[in-house]
Amino acid sequence: MSYLSLLRLILISLILSFNLSAHESWEPTAYSSKDAHAPTPLPDRVVLTWEEDPATTQSVSWRTDISVKRAIAQLAVANSNGRALNPKTFPALTTKFSSDLNSSHYHTVTFRDLDPETLYVYRVGDGINFSEYFHFKTSSKKPKPFSFVYFGDAQNEVKTHWSRVFREAFRDAPRAAFTLHAGDLVNRKYSDAEWGEWHQGPDWVNGTIPVIATPGNHEYFNYDQRSNAEFYWTDKGGDDIEIVVTSMVEEANDQGKSYKISLLASESEKISIEFNDSGVLTQADDQIERITGFSKKELLGRNLYGPPLFNRQRNPEQASLSNHWRAQFAFPVQDIPDPKLSETVYFIDYQGARFISLDSNSEKEIQVKWLREVLESNPNRWTIVTFHHPVFSPGSDRDNPEIRHLWKPLLDEFKVDLVLSGHDHTYARTGSIDFAGIKNIPEGYEKAFDASVGTVYVVSVSGPKMYKITKGAFAKNMIENTQLYQVIDINNSRLRFRAFKATGELHDEFLLQKREGKSNLLIETINGDA
C-alpha cells in the first residue's frame, strides 16, 4: 500500500469515527407546542361547515398569522383542467384570536347562490399565499341517498390515537356528505395545541367534507386540576371534606396519562394520590383511609368523580363555551332562545333529513320550546338529533335525568329516528330487549327502546379514553375499551347504521324501515339476517 493510500485510509477512519461519536451523543428533544402549532401566512385549519342551506351555500373557515390583514377565498365550478379555472374572489370576515400559545387571525367566507348538486373548487389565502384547491359538492334540494360518519368523543391524545380512527372511517366512507361530532372534540377547551391536533387528524378532509358538531362538557368546562385547586370529597359518614391541590405532576404512558397529586385535606392533613385520564384512582397513600373512612380496597379502581368520594369543585366555574368554537366553526345562527346558544343549538336540512344539535351543557330548559318548533316545522322524512350527554348512560355513576325529563317527551312525541351522543366513553345502543327481571336501573330506562315510538339511542367513543360499562342492561348492543366510528346511510325509506371498530371490523349494524302511519321498524342485521 502506498503512503498516499494509507494516509487516505487513516483520514476516512477518523471521519467515520467522528461521525459515529457525534451520533452516539445525540438525543432527541421535544418540539415545543408553541412552534408546532404556530400560525403562518399560509392558511391552515381549513374546515367546511354550513350556516345556511347546503344546496345553495357553503361556509369555509381557516387560520393564518396576524400579518394577514385581508383574506380572500376563490371559487369556481370544478373542471378537469385546473389551468383553465376562472375563479371568482370573495372577501373573508377576519377575526383576531388569542390562544394560550399565540395570536392569530381566523377567516370565514360563506359562498351563496350556488347551484344544487354541483361540484365546486375553491382555495383560500391572501392573494399571494394560498392553500391548495379543494372540492366540495352542494346537496340536492330533493331527498336523495347519502351517507355521513358519526364520531363520539375524540378528546384525548387526538393526534396519536384518534387520527387513525378518522382516517379508517374515511377509507370506508370517502364520499360521505359530512362528518358529525357528538362533543368533546378536545380535552382542554383552551388548548390551542389540542385544537391543532383535532384539525391535523382529518387534515385536508375537513376542507372537502363538511363538519357538523355539537359541544361537550370539555368544550365548556376547564378540568385542569392546576387551575381548579379546591374540591370537596364525601367521607364514609356522608360529610364533606375540603380538599386543596398543592401540586400535580402529569406523566404520559402507554395507557394515556397519569396524574400524581399532592393534596391537603381539612387544611392540615397531607394525602398523595395517583389517577389516570379516565379519573380512575390507581394509587393512594395510607392517609386516605384515615381521612375518608374508606379503605384503599374500596377506593382503588373507582372513579374519583363518582362514588364514593364524588370529587367536585368547591366553587364551580360558570360554564362558558371554548373561544375556539365560534372562531373556527361557522354554524347556523337561528331563532334561538338565548344568544349564549348561538352556533351550538341549530338545525341543518340535508336531502330529506333534518339534523338537530342541542346543547346539553347549558340552558337545557329553554331549549324545549325551540326544539318543539323545529320538530313541528320539520318537512323531512328523517330526523336525527345530536347532543353530548346521553339520555341513557351505561355508567352506574353517570346519569342525566334532567335531559330525560325535559327532552325525551318531545323526542317520543315526534318519533325522532336517531339520537347520537358521546360523553360516556363506551358504546351502547338501544333496541328491543326483554326488560323482565332487570333491576337497579334508573327511572325511565325500562323504556330505553319503545317499539311504539321507534327511536334508537346511541352512545359512542372514537378516542382512546375509556370507561367501564356498569349499567348496560338497557342496551341491545354494547362494548367497552374500544374506539369506534359509525357510518350511517339514508336511502328513501330506509336507514342503515353500522358501527366499526378502529381497525375497520364491523361491530354493530341495524336498519330502520319507515312504515306508513306507524313507528319505524327496527331490524337487527349484525348477523346478516336482514
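The structure we're discussing is the one just above.
Each value, and the rule that gives it
- Residues numbered from 1 in each chain as written.
- Predicted model: local features only at pLDDT ≥ 70, side-chain atom pairs only at ≥ 80, totals over all residues.
- Heavy atoms only, no water.
- Helix = DSSP H or I, 4+ residues; strand = E, 2+ residues; numbered from the N terminus.
- Polar contact = N/O pair within 3.5 Å; in protein donor to acceptor, adjacent residues only side chain to side chain.
- Contact = heavy atoms within 4.5 Å.
- Core = buried A, V, L, I, M, F, W, Y, C linked by side-chain atoms within 4.5 Å.
- Buried < 20%, exposed > 50% of the residue type's maximum accessible area, 1.4 Å probe, protein only.
- Pairing = 2+ DSSP bridges.
- Axes fitted to C-alpha atoms, helices over the stretch in contact; angles between N-to-C directions.
- Parallel < 35°, antiparallel > 145°, perpendicular 65-115°, else oblique.
- Left-handed = near helix turned anticlockwise from the far one by under 90°.
- Nonpolar A, V, L, I, M, F, W, Y, C, P; charged D, E, K, R; others polar.

What follows deals with the side chain of R354. The residue R354 is located in strand β19 (residues 353-357) in this model. Side-chain polar atoms of R354 contact the side chain of D349, separated by 2.7 Å. Of the polar contacts made by the side chain of R354, one reaches the side chain of S377; its length is 3.4 Å. Apart from the residues within four sequence positions on either side, R354 is in contact with F347, I348, D349, V374, S377, N378, P379, N380, W382, T383 and I384.

Turning our eyes to something else, we now look at the nonpolar core. In terms of nonpolar packing, the biggest core is built from 60 residues, with F148 and F497 touching the most fellow members. Core analysis: the next-biggest nonpolar cluster, separate from the first, contains 27 residues, I336, L371, W407 and L411 among them.

Further remarks concern the side chain of H37. With respect to the helices and strands, the residue H37 is situated in the loop between α2 (33-36) and β1 (44-49). Leave out the neighbours within four places in its chain, and H37 touches R45, R63, L101, N102, D192, A193, G196, E197 and Q200.

With that settled, the discussion passes to the sheet that holds strand β13 (residues 240-253). The strand order β16-β15-β14-β13-β12-β17 describes an open sheet built from six strands, whose pairing is antiparallel. Only two strands of the sheet have a single neighbouring strand rather than two, namely β16 (281-284) and β17 (312-313). Where strand β12 (residues 230-234) and β13 come together, five bridges link them in antiparallel fashion. Bridging from a neighbouring strand, E230 pairs with V244 of β13.

Remark: helix α3 (residues 158-172) packs on helix α4 (residues 192-200), axes separated minimally by 9 Å, with the N-to-C direction vectors making an angle of 25 degrees. Between α3 and α4, the crossing angle belongs to the class labelled roughly parallel. Note that α3 runs across α4; the crossing there is right-handed. Residues V158, K159, W162 and R167 of α3 touch α4, and the partners they reach there are E197, W198 and Q200. Class assignment for the residues of the contact of α3 with α4 results in three nonpolar, one polar and three charged.

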